[in-house]
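# Fold and contact review
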Amino acid sequence: MHSYDFRTFCQQADRIAVERPGRDAVELRRTDSGWRMVEPYAAEAAQAGVSRMLDSLVLLKIVETYSDKYLLKAGRRRSDFGLANPSVKITVSKGSESVRVVLGDRVPGGEGVFAAVEGDGTMYVLDRRVLEFSDVGPDGFRSREIVKRRTGEIEMFSIKCAGGAMMNFVRSDGRWMCRADRNASADTPASGVKIEEFLSALVKSEARSFVWPVGASNEPQVATAPLLAGYGLDSENGVALTIHDRGLNPVRMVLGNEAEGGLVYALVQDSSAVVTVDGRLKDLAVKSDFSDLRVFPFDAAGV
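Here goes a summary of the coordinates provided. (Residues numbered from 1 in each chain as written. Predicted model: local features only at pLDDT ≥ 70, side-chain atom pairs only at ≥ 80, totals over all residues. Heavy atoms only, no water.)

The full count for this structure, using the stated rule, is 20 salt bridges. Between glutamate 44 and lysine 148 there is a salt bridge; the shortest N-O distance is 3.0 Å. In this pair, glutamate 44 is assigned in strand β4 (residues 43-44) and lysine 148 in the loop between α5 (137-141) and β10 (154-160), connecting sequence segments 104 residues apart. A single salt-bridge network, built from bridges that share partners, covers Glu19, Arg100 and Glu118. (Salt bridge = Lys/Arg side-chain N within 4 Å of Asp/Glu carboxyl O. Helix = DSSP H or I, 4+ residues; strand = E, 2+ residues; numbered from the N terminus.)

Written as structure tokens, this is what we have:
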């Protein structure tokens, strides 16, 4: 399994299927922007999670190997180790070629899992993390990232509350300014401390749970108006945020109604997912006054 050819094959793979008995199969496809989940529904994939699963197949230690001839002499079969009805099947594909790895029972009292490659005459004992990284289901492969930016990369952002005017905030010469309209001469100083607190919470935010899509038989394929209205994410109720940086596409999200546990619903990932996020994010966006109320709104270094 750790041959150069197999490592290279996994590195160049363009499709991965993960099957588990009685549960939804997951299919991942490589795109120009990275891995995406296409089954059981379309969603952004967690790049690190997919890479971790592939790396576990080719980099983690093979604990033991047993040839089929050895098993036959010992009066044993692969089925004795859970490989006839595996707990996980991982099919890695590149073009028309595929390699399937099946995972069976855990080694009793050990740190390994029995495994086999279809068409190969060897049974392996692999590191248990191979099973842990693959037996996660659709939610485990979905990306929880919301704002793929660092605080220092953000040059401008806007907040539009339902029924209110859009407020724009621009970083200019190292200072944050509030721009109420398109006229730059009307800029007024904004509180850098409050803005940095908000942006820090924004870039650290992640999906706590996934609300849509989740593979339900009756769920819409796109974010429809009734779907958004049900979570307070429509234009009449939601709080719309847009973040800009240097050269990259803007990041947009909408914060909606309260959910349980101090969370709020959010429309994220190019309007492709409804998730829950920390409710503090909405409080900072709506309730914070970003105005710089100092009599002399200058930093000591700039005087």
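This is not the end of the story, as more comes after the structure.
Right, let's talk about the side chain of aspartate 187 for a bit. With respect to the helices and strands, aspartate 187 occurs in the loop between β12 (175-179) and β13 (188-189). Ignoring sequence-local partners within four residues, the contact set of aspartate 187 consists of Met177, Cys178 and Arg179. (Contact = heavy atoms within 4.5 Å.)

This part takes up the packing of aromatic side chains. Following the criterion strictly, the structure yields 9 aromatic pairs and no others. For the pair phenylalanine 157 and phenylalanine 198, a centre-to-centre distance of 5.5 Å together with 40 degrees between the ring planes defines the contact as tilted. Within this pair, whereas phenylalanine 157 is found in strand β10, its partner phenylalanine 198 is found in helix α6 (residues 192-204), the two being separated by 41 residues in sequence. Ring plane angle 75 degrees and centroid distance 5.3 Å describe the contact between phenylalanine 169 and phenylalanine 290, whose orientation is recorded as edge-to-face. Highlighted residues: phenylalanine 169 in strand β11 (residues 167-172) and phenylalanine 290 in the segment after α8 (280-287), separated in sequence by 121 residues. Phenylalanine 290 matches phenylalanine 169 in its accessibility class, with the two residues each being buried. Joined through ring pairs, the aromatic side chains of Phe157, Phe169, Trp176, Phe198 and Phe290 make up one cluster. We note arginine 52 situated over the ring of phenylalanine 133; from NZ or CZ to the ring centre the distance is 5.4 Å. (Phe/Tyr/Trp six-rings, centres within 6.5 Å; stacked < 30°, edge-to-face > 60°. Buried < 20%, exposed > 50% of the residue type's maximum accessible area, 1.4 Å probe, protein only. Lys NZ or Arg CZ within 6 Å of the ring centre and 35° of its normal.)

Buried within α8 we find Leu281, Leu284 and Ala285. Projected onto a plane normal to the axis of α8, the buried residues spread over an arc of 95 degrees and lie on a single side. Structurally, α8 contributes buried residues whose contacts are with β10, α6, β15 (239-245), β16 (251-259) and β18 (273-278). (Arc of directions from axis to C-beta.)

Another point: the sheet that holds strand β9 (residues 122-127). Pairing within the open sheet is antiparallel, and its 9 strands lie in the order β4-β3-β2-β1-β6-β7-β8-β9-β5. Strands at the two margins of the open sheet, each flanked by one partner only, are β4 and β5 (62-67). Looking at chain direction, strand β1 (residues 15-19) and strand β2 (residues 26-31) are connected through 4 bridges and run antiparallel. By the bridge assignment for β2, alanine 17 is matched with glutamate 27. (Pairing = 2+ DSSP bridges.)

Counting buried positions along β15 yields 5 of 7 residues, so the element is predominantly enclosed. Where β10 lies against β15, 6 bridges are found, and the strand directions are antiparallel. By the bridge assignment for β15, isoleucine 154 is matched with aspartate 245. Examined bridge by bridge, β15 and β16 share 5 bridges and lie antiparallel to one another. Paired with valine 239 across the two strands is leucine 255, which belongs to β16.

Spatially, the 9 strands line up as an open sheet ordered β13-β12-β11-β10-β15-β16-β17-β18-β14, and their pairing is antiparallel. Where the open sheet ends on each side, the last strands, each with one partner, are β13 and β14 (209-212). Pairing geometry for β10 and β11, over 4 bridges, is antiparallel. Of the residues in β11, the one forming a bridge with isoleucine 159 is methionine 167. Packed onto the sheet, α6 meets β10, β11, β12, β15 and β16 and runs at close to 90 degrees relative to β10. Strand contacts of α8: β10, β15, β16, β17 (263-268) and β18, with the helix running at about 105 degrees to β16, the strand carrying the most contacts. (Axes fitted to C-alpha atoms, helices over the stretch in contact; angles between N-to-C directions.)

A separate point is the environment of glycine 174. You can see glycine 174 is positioned in the loop between β11 and β12. Residue glycine 174 is classed as exposed on the basis of its relative accessible area of 64%. With 19 residues separating them along the chain, glycine 174 and glutamate 155 place their C-alpha atoms 9.7 Å apart.

Note on placement: asparagine 168 falls in strand β11. Judged by relative accessible area, asparagine 168 falls into the buried class, the value being 19%. If we skip the residues at most four places from it in the chain, asparagine 168 touches Phe157, Ser158, Met177, Cys178 and Arg179.

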